[in-house]
Amino acid sequence: MANTKSSELLGRAKELLPGGVNSPVRAFRAVLGDPIFIAEAGGAWLTDADGNKYVDYVGSWGPMILGHAHPHVVAAVQRAMARGASFGAPCPGEVDLAEAIRGAYPSMQMLRMTSSGTEAVMGALRAARGFTGRELVVKFEGCYHGGADYLLVKAGSGAATFGEPDSAGVPAGIAATTLVLPFNDEAAARALFAARGRDIAALIVEPVVGNMGCVPPEDGFLPLLRELTRDAGALLVLDEVMTGFRVAYGGAQALYGIEPDLTTLGKIVGGGLPVGVYGGSEPGLYERLEASGKLVEEILVSAAARARVDLTVQRAGSMLTPFFTQGPVRSWVDAARADRARFARFHRALLDHGMYWPPSQFEAGFVSLAHDAAALDATRRAVEQAMAGLS
Ligand code: PMP
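Remember, predicted model here, so these are calculated numbers, not experimental data.

Neighbouring the ligand are the residues Ser116, Gly117, Thr118, Tyr144, His145, Gly146, Glu206, Asn211, Asp239, Val241, Met242 and Lys267. Aspartate 239 places a polar side-chain atom, nitrogen or oxygen, 2.6 Å from a nitrogen atom of the ligand. With respect to the ligand, the side chain of lysine 267 contributes an N or O atom lying 3.0 Å from an oxygen atom. Starting from 390 Å² of accessible surface for the ligand in isolation, the protein chains cover 85%. Looking at side-chain class alone, the shell around the ligand contains three nonpolar, six polar and three charged residues.

Spelled out as structure tokens, the structure:
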């Protein structure tokens, strides 16, 4: 094949653009020969500047699911352009599009549209940090989520590591807010959440990784991520920039039956034009209460086990009671069997260690949305010391 025109264009481009391209992989550094300049495309075919034709498997990195220059897409874009390119004001089309997206992605109850996948991810993670009041974000080695500084981080080997900048120009302090895990490694994910769960705002993942080559999740991996994030009060962000409307109309979340807190989508919703969308279910306040309640339960149970004290903790979400008795408490008769003298000593010791529990064995304690990491740490210290004093 002749490529005189591509070579000429590359020569000119190299004077202007690093590597002659606007995105690193296009420079052909990992393969043989020089980049080919594509002049036009239709359906499954590309035509280069010299008139050579190729069957295309890049598809603009995924968005061209209908093929290039599909007549319906071209007609819709032409109609829209004839009405004016942008207004800096709301327009009817964005409402239609938002309704169509929500129809396909029921987890995206409220949406915000952006100009790129990168911005969609940045918006989603900012929302997650704002919502949880936490700073750390977890990503996976080999997953790409756009050009935001804190996501351009190198992965460590094996265990979770603090992110180190992948690119010059990313401040180390910013990269350090990102933790990196190996994909499909359940033990590493469990260990990280056990150690840092309460500091994690969000875990972001390509549910089927496209950016290290196609790497699907192993059975049970996505459900585990859902469980770990929910238990930690962190948000699960599915980055469906590649998988959205691709692996299924409803994306990987429909294919694998996972309900994320936030989803990001990219150019595929723009017919290939540069756009992005993020959205999610709104509050999730009861999920946070459940996570905090569960943690208080675990603190009580493990402290009692260590002190060899008979204890049954009963809990519904954020209300719970530690009964100083064995076995389930199903009725008043069971409740009345609890050791009230022991409860009284426990209660006094909790007060002495700075924790105010209801002053009766026959009351429930209540966890609030204000019980943050500091409050729960104080809870752990008080319970452990009070429980140790009972044995
Ligand atoms: N997330 C994923 C999974 C991606 O593959 C990409 C880009 N291919 C992005 C985010 C960033 O999207 P954009 O290039 O539109 O900023």
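Another aspect to go through is helix H11 (residues 340-352). Helix length check: H11, at 13 residues, gives a terminal C-alpha distance of 18 Å against a target of 18 Å (1.5 Å per residue), a fit within 8%. Of the surrounding secondary structure, the elements contacted by the buried residues of H11 are helix H9 (285-307) and helix H12 (373-388). Capping the start of H11, aspartate 339 holds a side-chain oxygen 3.3 Å from the backbone nitrogen of alanine 341, two or three residues further along. Two residues or fewer past H11, glycine 354 is found with a positive phi of approximately 85°.

To continue, consider the pairing of strand E5 (residues 136-140). In terms of burial, E5 is largely enclosed, as five of its five residues are buried. The pairing of E5 with strand E10 (residues 200-205) spans three bridges and is classified as parallel. Directly across from valine 138, in E10, lies its bridge partner leucine 203. Looking at chain direction, E5 and strand E9 (residues 178-181) are connected through four bridges and run parallel.

Attention now goes to the sheet that holds strand E15 (residues 319-323). The three strands are arranged E14-E15-E16 in an open sheet whose pairing can be described as antiparallel. Taken across any chain shown, the strands that pair with only one partner, and hence form the sheet edges, are strand E14 (312-316) and strand E16 (365-366). Bridge analysis of E14 against E15 gives five bridges, and the strand direction is antiparallel. Along E15, the bridge assignment pairs arginine 315 with leucine 320. Its contacts with the sheet put H9 on E14 and E15, and the angle it makes with E14 is roughly 175°.

Together, Val25, Val58 and Trp61 line one region of the surface with nonpolar side chains, adding up to about 300 Å² of accessible area. Residue tryptophan 61 is classed as partly exposed on the basis of its relative accessible area of 48%.

Attention now goes to the state of the cysteines. Going through the model one piece at a time under the given rule, you end up with zero disulfides. The thiol of cysteine 143 is not disulfide-bonded; the next cysteine sulfur, from cysteine 214, is found 12 Å away. Taking relative accessible area as the criterion, cysteine 214 reaches 65% and is therefore assigned exposed.

Let us look at the side chain of threonine 114. With respect to the helices, strands and loops of the structure, threonine 114 is situated in strand E4 (residues 110-114). Since its relative accessible area comes to 17%, threonine 114 is described here as buried. Among the polar contacts listed, one links the side chain of threonine 114 to the backbone oxygen of serine 116, at a separation of 2.9 Å. Beyond its immediate chain neighbours, meaning those up to four positions away, threonine 114 contacts Glu119, Ala120, Val275, Gly276, Val277 and Tyr278.

Turning our attention to the packing of helix H7 (residues 221-232) against H9. Packing of H7 against H9 brings their axes to within 7 Å, and their N-to-C directions diverge by 80°. In terms of orientation, H7 and H9 fall into the roughly perpendicular class. For the pair H7 and H9, the contacting residues are Arg230, Asp231 and Ala232 in the first and Glu287, Ala291 and Lys294 in the second.

As a further point, take the pattern of salt bridges. Across all of its chains, the model carries 10 salt bridges by this definition. Of the charged contacts, one joins arginine 315 and glutamate 290 as a salt bridge, the two residues approaching to 3.1 Å between their closest N and O atoms. Residue arginine 315 is located in strand E14, and its partner glutamate 290 is located in helix H9; the two are separated by 25 residues in the primary sequence. Put simply, Glu290, Glu297 and Arg315 are held in one network by salt bridges that share partners.

Conventions adopted
- Residues numbered from 1 in each chain as written.
- Predicted model: local features only at pLDDT ≥ 70, side-chain atom pairs only at ≥ 80, totals over all residues.
- Heavy atoms only, no water.
- Near = heavy atom within 4 Å.
- Polar contact = N/O pair within 3.5 Å; in protein donor to acceptor, adjacent residues only side chain to side chain.
- Areas by Shrake-Rupley, 256 points an atom, 1.4 Å probe, with all protein chains shown as cover.
- Nonpolar A, V, L, I, M, F, W, Y, C, P; charged D, E, K, R; others polar.
- Helix = DSSP H or I, 4+ residues; strand = E, 2+ residues; numbered from the N terminus.
- Expected span 1.5 Å × (residues − 1).
- Contact = heavy atoms within 4.5 Å.
- Buried < 20%, exposed > 50% of the residue type's maximum accessible area, 1.4 Å probe, protein only.
- Pairing = 2+ DSSP bridges.
- Axes fitted to C-alpha atoms, helices over the stretch in contact; angles between N-to-C directions.
- Patch = residues over 30% accessible without salt bridge, like charges linked within 9 Å, V, L, I, M, F, W, Y side chains within 5 Å.
- Salt bridge = Lys/Arg side-chain N within 4 Å of Asp/Glu carboxyl O.
- Disulfide = S-S within 2.5 Å.
- Parallel < 35°, antiparallel > 145°, perpendicular 65-115°, else oblique.

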